[in-house]
Amino acid sequence: MSNSIIKPQKGISRRSVLQGMGAAAGTGLALQAMPGFVRYSQAATSEPVKIGLQLHRTGIGASYGRWYERVTAAAVKVINDGGGINGRPVEVIVEDDGTDPKRGAEVVEKFATQHKVDVAYGTLFSHVVIGSAPRAGELKLPYVVVSEGHHVASGKLNRYVFQPGITDVRSQVIAMAPWISKNLGKKVTMIFPDFAFGHDHRDYFSEAIKAQGGQVAGLIAIPPTESSFTRYLPQISSDTEVLYHVMVGPAVLTFVKELGQFFGSSRPQIFGFIDSLEAVDLATPQLEFLEDTYFWEGNPRYAQKDQTEYDKFYREMVGVDANGASTSDQKDISTYSHMFGCWESLFAIKQAMEASGYEGQTPKDKQGFIEAMEAIQKFDEGREHPQGDKIFNGKNHQCYGHQNISKVTGGRLEVVHRTAIEDGLYEVSADYTTMSL
Amino acid sequence: MTAPSFTKAAGLHLLVIMSLFVLQFVLPAYHHLAITRIMVLAVFAMGYNLLFGYAGLLSLGHALFFAAGLYGAGLTAYHLGWSVPAAFVAGTGSGFLASLLIGLISLRTSGVAFMIVTMMFAQVSYLASLYFTTYTRGDEGLVMPQAARRFELFGANFDLTDPTVRYNIALALLTLTTVVIFAIVRGTTGRTLVAIRENEPRTLMLGYDTFRIKLKALVISGTLSAMAGSAYALLFAYVGSSFASIQYSIDALLFTLLGGAGTVLGPLLGTFAMFYMIDIASEYTAAYLLITGLALIALVLFFPKGIVGTIRERWVSWLP
């Protein structure tokens, strides 16, 4: 759906207005209603800052997309209630990419040339990011992605692409390997999807576990078209100490259930990426066997005992309860582990625009925005960054932060270890700043 | 086709090409970019139509040929650093070889079996593109390097990041494809293909080597599809396995059905209509594919010959 402007109370509707904010550009009506009224009127222009949300509204990324949209709506409301960006309200225009790289590139073109947005943002699936990024670079459109793949950090894209709101897979797996090796075991069998995202896990986690003196007992790659996994599970060797799983896509629930049926009452230690169960209720029948297994979480789904005031605020604004479900529908489980990246990315955009004094879409303003984003070195934990503090590398356009290891206890995910930022650092070889603007 | 009708038909196709050339000077930026993509995909659909529309061979494996071009051009440019023209030739050549090989095998079947065999070959190529991740990065895909974005030909420099250059390259490929298809369907081969489509045993009985003629059609069709794939990789800088998935075989079929199978301009019009149907419908609802599906059902029910096919049937009988 295009031409959509975020409207928090009712989600997204076409050509609707964010709390009356989008209409501020023309009508002035919203200006009378919002706290940012004075600041908007003092800005050099009251034209909204246009952010294009490239959304997986349909296709295999739709469950993530639904929540990426809600988080965006909530973050934009907070930004606009606080006076917008440089005194200008934020307007979000949504286009569905169908989780398809071809359509993704078309959407980027539409953002740049038809909607004329200031920034495109939001994409999750790696193939859509990589299919779209060349066009963003060629059209000189800043493109802020909320993916996890190593593509931004590796330097394979271009200077206009940033990932300031969520860590990359490489950083995630190397941060957790020491804890897994020390607490769960050193002989690991990995089950992963047989495509690029899974291969990043395979390569970087294998490397990291070996660095800890561990070994990979088996690599079980699941073809992407697979819908049943029973024939792969016997490949797990009996001397496996830790089973590492990461699965994505529509068949994840089947995978986890079949894993339980295969092991019965006897199993090795199990460590999974929450991707295998993102947006899935832990209380789903047949998932009981996950009790006492471990998961990686980018952001803990269940409110913890030591919940920060920032997480509390973020949950409330996004409409997620203490169990990670929608406050309006207990069956609607959020993609809590990933979706904070949208919230934090929007505040990173705001920070860079304010630092550069961004006023409009002149080449000078855009250049200033890119350089200001590259100049960011850290994000402090706070309302803008509820998942925790992060450091940002301006050379490879990638942030680095904390990871959470959670244990399934009484049907909840309880955080048992939080990694330090340093645990996820690796030698960076990419340098986008050497590319021309 | 008589001489006057030839003149009319040739004039119409020339007019379409000239209109597309002129359009670039008046189109808003977004539509300029959109039509560039449409023209590249239309080359794919026109190639598909030669086999499906004229020879009556329903292939569900044409994404393989598009992907052969995509990867043939993309991998040589990415890993071997080949120049744009060399990579383009490599991609198109890959499609030629793939279609020749697959044609020799799959044309031993017909009807539903042909459809299934071609689909299976395409599925193998799709999974192969995922399997060899080291080279292809599978579903994630590859971004073409800067060297593959510029080239020199006959002393002139071309920058593929320039929308005007890209538009005119796409137009040149579309023109070439139109000329090739037009010449084929007006010539003996085209007539024979239609004869095979209508009654293959009878055509065989008349002394034609139908296997050879079908193979020729499949190779030309596959090579044109690969040419579109090569162009896509180089013009839009991305190579990924989703283009080898069955969805893209079906896309070519739908473009053709919508525009009119067995007409030269039908696939171009079908690609254009499908692109904008999705683009506009998605502005109103997330269920835009439902709208597209309903439109296709209505088409099959009321205009089974597609847009151009219906026009030809009812009003303009000289359309090739």
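Residues numbered from 1 in each chain as written. Chains lettered and ligands numbered in written order. Predicted model: local features only at pLDDT ≥ 70, side-chain atom pairs only at ≥ 80, totals over all residues. Heavy atoms only, no water.

Description of the pairing of strand S4 (residues 90-96) of chain A
Residue and element names in this part refer to chain A.
- In terms of burial, S4 is a largely internal element, 7 of the 7 residues being buried.
- In S4, alternate side chains face the same way, and those of Val90, Val92, Val94 and Asp96 on one face and Glu91, Ile93 and Glu95 on the other are all buried.
- Note that strand S3 (residues 49-55) and S4 share 7 bridges and pair parallel. Residue pairing across strands places Leu55 opposite Asp96, the latter belonging to S4.
- Viewed along the sheet, the connection from S3 through helix H3 (residues 62-81) into S4 turns out right-handed. (Buried < 20%, exposed > 50% of the residue type's maximum accessible area, 1.4 Å probe, protein only. Helix = DSSP H or I, 4+ residues; strand = E, 2+ residues; numbered from the N terminus. Pairing = 2+ DSSP bridges. Right-handed = clockwise from strand over helix to strand, strands pointing away.)

Some words on the interface of chain B and chain A
- In this complex, chain B contributes 37 residues to the contact, which on the side of chain A involves 39 residues.
- Taken together, the two surfaces of chain B and chain A that pack against each other cover about 3,200 Å², and 53% of this comes from carbon and sulfur.
- For chain B, the biggest contributors to the area lost against chain A are Tyr30(B), Glu140(B) and Glu283(B); these three give 21% of the whole.
- Our count for the contact surface shared by chain B and chain A stands at 8 salt bridges.
- Across the salt bridge formed by Arg137(B) and Asp200(A), the nearest N and O atoms sit 3.2 Å from each other.
- At the boundary of chain B and chain A, one finds 14 residue pairs in polar contact (both at pLDDT 80 or more).
- Listing elements by their share of the side of chain B that touches chain A, those giving two or more residues are helix H2 (29-54), helix H5 (111-131), strand S1 (142-143), helix H9 (210-236), helix H10 (246-259) and helix H11 (266-281) of chain B.
- Among the elements that line the side of chain B that touches chain A, the one with the most residues is H2(B), at 6 residues.
- Grouping the amino acids of the side of chain B that touches chain A by side-chain chemistry returns 20 nonpolar, 9 polar and 8 charged. (Contact = heavy atoms within 4.5 Å. Buried area = accessible area lost by both parts, 1.4 Å probe. Salt bridge = Lys/Arg side-chain N within 4 Å of Asp/Glu carboxyl O. Polar contact = N/O pair within 3.5 Å; in protein donor to acceptor, adjacent residues only side chain to side chain. Nonpolar A, V, L, I, M, F, W, Y, C, P; charged D, E, K, R; others polar.)

Some details on the pattern of salt bridges
- In the structure shown here, the tally under the stated rule is 30 salt bridges over all chains.
- Lys110(A) is paired through a salt bridge with Asp279(B); the nearest N and O atoms lie 3.1 Å apart. Of this pair, Lys110(A) sits in helix H4 (residues 101-115) while Asp279(B) sits in helix H11, which puts the two residues in different chains. Just as Lys110(A) is buried, Asp279(B) falls in that class too.
- Arg137(B) is the salt-bridge partner of Glu140(B), the closest N and O atoms lying 2.9 Å from each other.

A word on helix H7 (residues 163-186) of chain B
- Taking 1.5 Å as the rise per residue, H7(B) with 24 residues should run 34 Å; its terminal C-alpha atoms sit 34 Å apart, in good agreement.
- Among the residues of H7(B), the N-terminal cap falls to Asp162(B), whose side-chain oxygen and the backbone nitrogen of Thr164(B) are separated by 2.8 Å. (Expected span 1.5 Å × (residues − 1).)

With respect to the packing of aromatic side chains
- For the structure shown, the criterion picks out 30 aromatic pairs over all chains.
- Judged by centre distance (6.0 Å) and plane angle (35 degrees), the rings of Phe66(B) and Phe243(B) are tilted. Remark: Phe243(B) occurs in the loop between strand S4 (238-239) and H10 and Phe66(B) occurs in helix H3 (residues 62-79); sequence separation between them is 177 residues.
- The class for Phe66(B) is buried, based on a relative accessible area of 0%.
- Of the residues examined, Phe243(B) reaches a relative accessible area of 0% and is grouped as buried.
- Members of the aromatic cluster, joined through ring pairs, are Phe44(B), Phe66(B), Tyr232(B), Phe236(B), Tyr238(B), Phe243(B) and Tyr248(B).
- Lying over the aromatic face of Phe313(A), Arg383(A) brings its terminal NZ or CZ to 3.7 Å of the ring centre. (Phe/Tyr/Trp six-rings, centres within 6.5 Å; stacked < 30°, edge-to-face > 60°. Lys NZ or Arg CZ within 6 Å of the ring centre and 35° of its normal.)

Notes on the packing of H3(A) against helix H11 (residues 336-356) of chain A
Residue and element names in this part refer to chain A.
- Contact geometry of H3 with H11 gives a least axis separation of 8 Å together with a crossing angle of 35 degrees. Handedness of the H3/H11 crossing: right-handed. Note on element contacts: H11 touches H3 through His338, Met339, Cys342, Trp343, Leu346, Phe347 and Lys350, opposite Tyr64, Trp67, Tyr68, Val71, Thr72, Ala74, Ala75, Val76, Val78 and Ile79.
- Here the contact of H3 with H11 is composed, by residue class, of 14 nonpolar, 2 polar and 1 charged. (Axes fitted to C-alpha atoms, helices over the stretch in contact; angles between N-to-C directions. Left-handed = near helix turned anticlockwise from the far one by under 90°.)

Considering H5(B)
- Across its 21 residues, H5(B) extends 30 Å between first and last C-alpha, which sits within 8% of the 30 Å expected from 1.5 Å per residue.
- Those residues of H5(B) not exposed but buried are Phe114(B), Thr118(B), Ala122(B), Tyr126(B), Ser129(B) and Leu130(B). Projected down its long axis, H5(B) shows its buried positions confined to an angular sector of 150 degrees, all on one face. Turned more than 90 degrees away from the buried face of H5(B), the exposed residues are Val112(B), Val124(B) and Tyr131(B).
- On its buried side, H5(B) packs onto helix H8 (196-211) of chain A together with H2, H3, helix H4 (84-106), helix H6 (133-136) and H9 of chain B. (Arc of directions from axis to C-beta.)

Re the confidence of the model for chain A
- Mean pLDDT over chain A works out to 88, with 89% of the residues at or above the 70 mark.
- Across residues 7-39 of chain A, confidence stays below pLDDT 50; counting only partners more than four residues off in sequence or on other chains, it has 69 contacts. (pLDDT = per-residue confidence, 0-100.)

Overview of the UniProt feature "transmembrane region" (unreviewed entry) in chain B
- Mapped onto this structure's residue numbering, the UniProt feature "transmembrane region" (unreviewed entry) falls at residues 12-30, 86-105, 112-132, 169-196, 217-240, 252-278 and 285-303 of chain B.
- Across residues 86-105 of chain B one finds 100% helix and 0% strand; the C-alpha atoms that close the span lie 29 Å apart. (UniProt positions renumbered as here; feature names shortened; annotations may be inferred.)

Some words on the sheet that holds strand S16 (residues 390-393) of chain A
Residues and elements named next belong to chain A.
- Reading across from one edge, S15-S16-S17 is the order of the 3 strands in this open sheet, with antiparallel pairing throughout. Lying at the two open borders of the sheet, with one neighbouring strand each, are strand S15 (378-379) and strand S17 (398-400).
- Where S16 meets S17, 3 bridges bridge the pair, whose relative direction is antiparallel. Its bridge partner being in S17, Ile391 is matched across the sheet by Tyr400.

Examining the domain arrangement of chain A
Residues and elements named next belong to chain A.
- You can read the domains of chain A as domain 1 (49-168 + 339-401) and domain 2 (169-305 + 403-424).
- Of the residues lining the interface, 16 residues belong to domain 1; the matching set on domain 2 comes to 20 residues.
- Overall, the association of domain 1 and domain 2 removes approximately 1,500 Å² of surface from exposure, summing both partners, and the carbon and sulfur fraction of that is 49%.
- When the buried area of domain 1 at its contact with domain 2 is split by residue, Glu148, His150 and Gln387 rank highest and sum to 34% of it.
- The tally of links from domain 1 across to domain 2 stands at 0 salt bridges. (Domains from an automatic or database assignment.)

So, the sheet that holds strand S19 (residues 412-418) of chain A
Residues and elements named next belong to chain A.
- Ordered by their spatial adjacency, 7 strands build an open sheet running S9-S8-S10-S11-S12-S18-S19, and the pairing between neighbours is mixed. Single-partner strands in this sheet number two, and they are strand S9 (215-222) and S19. Each neighbouring strand pair of the sheet contributes to a mean axis angle of 25 degrees, computed without reference to strand direction.
- As defined by bridge partners, strand S8 (residues 187-193) adjoins strand S10 (residues 242-245) across 4 bridges and the pair is classed as parallel. The residue of S10 that forms the bridge with Ile191 is His245.
- Contacts from helix H7 (residues 169-183) reach S10, strand S11 (269-273), strand S12 (294-297), strand S18 (404-409) and S19, with the element oriented near 165 degrees to S11.
- Of the strands in this sheet, S8, S10 and S11 touch helix H9 (residues 252-263), which is tilted by about 160 degrees from S10.

A look at a negative patch on the surface
All names here are of chain A.
- On the surface, Glu381, Asp389, Glu422 and Asp423 cluster together into a negatively charged patch.
- Note that Asp423 resides in the segment after S19.
- For Asp423, a relative accessible area of 33% gives the class partly exposed. (Patch = residues over 30% accessible without salt bridge, like charges linked within 9 Å, V, L, I, M, F, W, Y side chains within 5 Å. Areas by Shrake-Rupley, 256 points an atom, 1.4 Å probe, with all protein chains shown as cover. Lys, Arg positive; Asp, Glu negative; His and termini not counted. Charge placed at Lys NZ, Arg CZ, Asp CG, Glu CD.)

Describing the side chain of Thr133(B)
- Mapped onto the elements of the fold, Thr133(B) is located in helix H6.
- For Thr133(B), a relative accessible area of 4% translates into the label buried.
- Engagement of the side chain of Thr133(B) in a polar contact is seen with the backbone oxygen of Leu130(B), the distance being 2.5 Å.
- Aside from chain neighbours lying at most four places away, what touches Thr133(B) is Ala196(A), His199(A) and Gly138(B).

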